[in-house]
Each structure stands twice: as C-alpha cells, then as structure tokens.
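Notes for the structure review
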Amino acid sequence: MNTINRQATVFFNQPQLLIQHPGVSSVFLLFFSIWSLMPATAKEYLPGIEWDEPKHVTPGEGNQTAPSDAIILFDGQDKLAWNNADTWQIDNGCLVVGKGMIHTKNTFGDCQLHVEWSSPVPAEGTGQGRGNSGVFFGPYEIQVLDSFHNKTYFDGQAAAIYKQAPPLVNATKKPGEWNAYDIIWKTPRFDKDGQLTEPATVTVLHNGILVQNHFELLGDTPFNRPPRYNPHPPELPIRLQDHRNPVRFRNIWVRKIHPMNGKQTQPPSLRDGRQVTPLPQTEAK
Ligand code: MG
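Figured I'd write up the structure that's included with this text. (Residues numbered from 1 in each chain as written. Predicted model: local features only at pLDDT ≥ 70, side-chain atom pairs only at ≥ 80, totals over all residues.)

1. Comments concerning the sheet that holds strand S19 (residues 269-272)
An order of S1-S19-S20 is seen for the three strands of this open sheet, with the pairing classed as antiparallel. Two strands in the sheet have a free side with no partner beyond their single neighbour: strand S1 (44-46) and strand S20 (275-278). Between one strand axis and the next, the sheet turns through 30° on average, direction left out of account. Direction of pairing for S19 relative to S20: antiparallel, over a ladder of four bridges. Bridge pairing in S20 links Ser-269 to Pro-278. (Pairing = 2+ DSSP bridges. Helix = DSSP H or I, 4+ residues; strand = E, 2+ residues; numbered from the N terminus. Axes fitted to C-alpha atoms, helices over the stretch in contact; angles between N-to-C directions.)

2. Things to note about unusual backbone geometry
In this structure, the amide linkage connecting Val-121 to the following residue, Pro-122, adopts the cis form with an omega of 0°. When you line up the elements, Pro-122 lands in the loop between strand S8 (111-118) and strand S9 (133-137). The backbone of Arg-244 shows a phi angle near 65°, a positive value even though the residue is not glycine. Checked against the element boundaries, Arg-244 lands in the loop between strand S16 (238-240) and strand S17 (248-256). Using a count of 11 C-beta atoms within 10 Å as the deciding quantity, one classes Arg-244 as exposed. (Buried ≥ 20, exposed ≤ 12 C-beta atoms within 10 Å, placed from the backbone.)

3. What to know about the pairing of S17
As paired strands, strand S3 (residues 71-74) and S17 are joined by three bridges and run antiparallel to one another. Bridging across to S17, Phe-74 finds its partner in Ile-252. Relative to S17, strand S6 (residues 94-96) is paired through two bridges, and the arrangement is antiparallel. Opposite Val-96, over in S17, you have Arg-248 as the bridge partner. One ladder, built from seven bridges, connects S8 with S17; its direction is antiparallel. Across the sheet, residue Gln-112 finds its bridge partner in S17, namely Arg-255.

4. Brief notes about the environment of Lys-173
Residue position: Lys-173 is located in the loop between strand S10 (140-144) and strand S11 (179-186). For Lys-173, a count of 18 C-beta atoms within 10 Å gives the class partly exposed. The sequence separation of Lys-173 and Phe-148 amounts to 25 residues, and the corresponding C-alpha distance is 6.2 Å. Apart from residues no more than four positions distant in its own chain, Lys-173 is found in contact with Phe-148, Trp-178, Asn-179 and Asn-207. (Contact = placed C-beta atoms within 7 Å.)

5. A look at the sheet that holds S9
The strands that make up a sheet pair up through hydrogen bonds in the backbone, lying either parallel or antiparallel. Spatial ordering of the open sheet is given by S4-S7-S16-S9-S10, a layout of five strands whose pairing is antiparallel. Among the strands making up the open sheet, the edge pair consists of strand S4 (82-83) and S10. Of the pairings in the sheet, the one linking S9 to S10 comprises five bridges and is antiparallel in character. Its bridge partner lying in S10, Gly-134 is registered against Gln-143.

See below:
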C-alpha cells in the first residue's frame with residue numbers, strides 16, 4: 001500500500017482524526033473532489049446495429065389486466081374468441097369447462113399467455129381425476145390440475161409439461177382460489193421438408209413463481225405414447241381441455257411476440273472521443 005493510500009485508510013477508518021486535523025482533511029477532500037471530476041477514460045463499445053424502436057405498450061393495472069397490445073381471449077363477457085364453446089358456460093364472469101376442448105379462432109406462434117383457473121369446490125376425485133384441465137398450444141399441454149394436497153405422477157401435476165417435465169415447485173392454491181399462469185411460449189420450427197430445426201420452449205410462472213424455466217419440449221404431450229414432433233404451421237390455436245371436471249377460467253389474454261429488427265449498418269467498433277476504430281473480426285463476434 002503506498003503512503004497516500006495508507007494515510008487515507010488511517011483517516012477514513014478513524015473519522016475523529018479528520019475532525020482533529022482540519023488541514024489534513026481539507027487536503028483529502030480537495031484530492032477526492034478533483035479525482036471524482038476527472039473525465040472517464042474508458043472507450044465505448046458500439047455494436048453498429050440500427051434497431052427499430054421498441055413500441056410503447058401500456059401495462060395493465062395488475063397482472064390480471066391485459067396490457068394495451070394484448071388480444072383478449074376471455075374477459076368474463078362472452079366466448080367470441082373460441083370455437084366449440086357452446087357447452088362451456090359463463091358463470092359469474094368465469095368460463096366453466098363443458099363438453100369437449102375449446103380452441104381459439106385466432107392462431108398463435110410465439111406468444112405470452114396469461115390465464116387464471118380455479119379448481120372445483122368441493123374437491124372430488126383423486127390424482128388425475130381431480131380438477132383436471134389443460135392449456136394447450138396446438139398439441140402441447142401445460143397441465144391444469146388440483147395439485148393442492150393431491151398427489152399424482154409429478155410430470156402430470158399442475159404446471160407440468162405433461163409427461164415431460166414436472167414443475168420446479170408446486171405453487172397450487174386451494175380449490176376455489178384463483179391460480180394464474182403466465183406462459184412464454186416459443187413454437188417449434190420446421191424446415192420445408194418438415195424436419196424439426198428448433199424445438200418448442202416454454203417458461204411458466206405459476207402464481208408469480210417460476211415453475212418451468214425455458215424448458216425444451218421433446219415433442220407433443222399425449223397420454224399413451226412417447227412425445228414426438230409432427231410438422232405443423234407456425235401458428236396454431238390455443239386450446240383448453242375438457243377432462244370431465246368443472247374447472248373455471250377467467251382473465252385470459254395473449255400477446256403475440258415478434259422479434260426485434262436490427263440492421264448491421266456499421267462494423268462493431270470502439271469509440272475513443274471522436275476516434276472510432278472498427279474491431280478486428282475475431283473480437284467483434
Ligand atoms: Mg390435463
């Protein structure tokens with residue numbers, strides 16, 4: 001440690017010395033004032049990409065309320081966003097599971113989905129027979145189940161990717177209380193010959209708790225065979241499952257996710273004052 005640093009340490013560890021030696025403390029204060037005003041000498045990295053400006057989106061008042069760019073799938077009023085929903089009843093602002101799966105009229109690829117669900121009261125049945133439904137992106141299910149004190153196979157409980165991945169924790173609320181899923185879905189990619197080029201991935205928050213962390217799906221999620229990918233269009237309907245339990249849904253909204261566009265207009269560079277120096281290609285990557 002050099003002399004100045006040692007003296008500075010002595011004084012700043014013992015503030016009473018600064019009071020007892022006002023001349024010395026003035027020198028230190030002057031020194032640190034000048035030091036703090038010195039211009040930064042670090043060079044600035046310039047990626048050289050011109051990005052489109054991110055659009056402004058007005059957030060909802062809370063997580064239940066859709067942001068301004070969301071597509072409303074159910075807000076308690078009607079079932080206009082859904083096909084096959086004649087037997088699904090609206091009761092007190094909730095959509096109650098009826099006969100057969102319902103699916104959205106609109107189709108979705110990469111998206112953010114908010115959906116709330118509530119298990120039947122009183123809780124009846126056990127295992128997969130208690131409060132079972134599901135949120136499907138095409139053929140891929142995120143399980144809905146009454147998993148509050150109701151054991152079943154772990155990759156079949158609430159917030160599981162059915163038969164592929166249990167949730168990281170069990171965040172299920174009591175029957176009758178409202179659960180929220182916030183799901184980030186990335187649809188799988190297929191080439192023109194129908195070969196898989198990128199698997200689907202999913203991130204799920206259950207009641208605000210991370211339960212699926214960018215999980216790569218192995219394929220679809222049937223009950224009776226291993227998962228596999230069958231080629232399909234980039235956008236498919238979202239579906240809600242009828243598993244013969246009167247699960248209730250509310251506050252369903254979805255946002256389509258579009259990648260940001262950027263053009264490489266300059267090579268990656270370092271700026272030092274007015275001097276801009278392109279980086280060698282190996283460093284630029
Ligand atoms: Mg299910």
